Amino acid sequence: TVGDESIADSVAREQACTGVFGEFIADFLEQSAHIASEELRAKAVAEETARQKCEMEQQEARLKNEAEVVARAEELARRREAEIQAQKAEEARRQAAEARDTEARLEAQ
């Protein structure tokens, strides 16, 4: 009948619209999930990059501290060597003065 065809057409159109809308919703949800997955991946990469940067900065600070310790140790070693050389020179002068004094006393006798 004419009324039945109209109802059947209406139901068919509604089902077609619901199918298209359902596909749209499914596509939207799939794209949203993909975007969220990419955002999580980007966040994980950013966190890993930040962690690696922090580790590199810590390593750089350790190396700088070690270099400063080595430089101080080298400076102390240079100073100690200079003190030793100064003591040796003073001892050599003292011995030379004693030798001159002894020679002068021997000549005076």
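The shown structure was predicted, so the numbers you read here are calculated from the model rather than taken from an experiment. (Residues numbered from 1 in each chain as written. Predicted model: local features only at pLDDT ≥ 70, side-chain atom pairs only at ≥ 80, totals over all residues. Heavy atoms only, no water.)

### Concerning the pattern of salt bridges
Then step 1. Applying the stated criterion across every chain, the model contains nine salt bridges.
Then step 2. Its salt-bridge partner being Arg93, residue Glu90 comes within 3.0 Å of it at the nearest N-O pair. Pair noted here: Glu90 and Arg93 are both in helix H1 (residues 2-108), with a separation of three residues, about one helical turn.
Then step 3. Of the residues examined, Glu90 reaches a relative accessible area of 45% and is grouped as partly exposed.
Then step 4. The structure contains a network of salt bridges with shared partners spanning Glu48, Arg51 and Glu55. (Salt bridge = Lys/Arg side-chain N within 4 Å of Asp/Glu carboxyl O. Helix = DSSP H or I, 4+ residues; strand = E, 2+ residues; numbered from the N terminus. Buried < 20%, exposed > 50% of the residue type's maximum accessible area, 1.4 Å probe, protein only.)

### Quick look at a nonpolar patch on the surface
Then step 1. Taken together, Phe21, Phe24, Ile25, Phe28 and Leu29 make up a surface patch of nonpolar side chains, about 520 Å² in accessible area.
Then step 2. With respect to the secondary-structure elements, Phe28 resides in helix H1. (Patch = residues over 30% accessible without salt bridge, like charges linked within 9 Å, V, L, I, M, F, W, Y side chains within 5 Å. Areas by Shrake-Rupley, 256 points an atom, 1.4 Å probe, with all protein chains shown as cover.)

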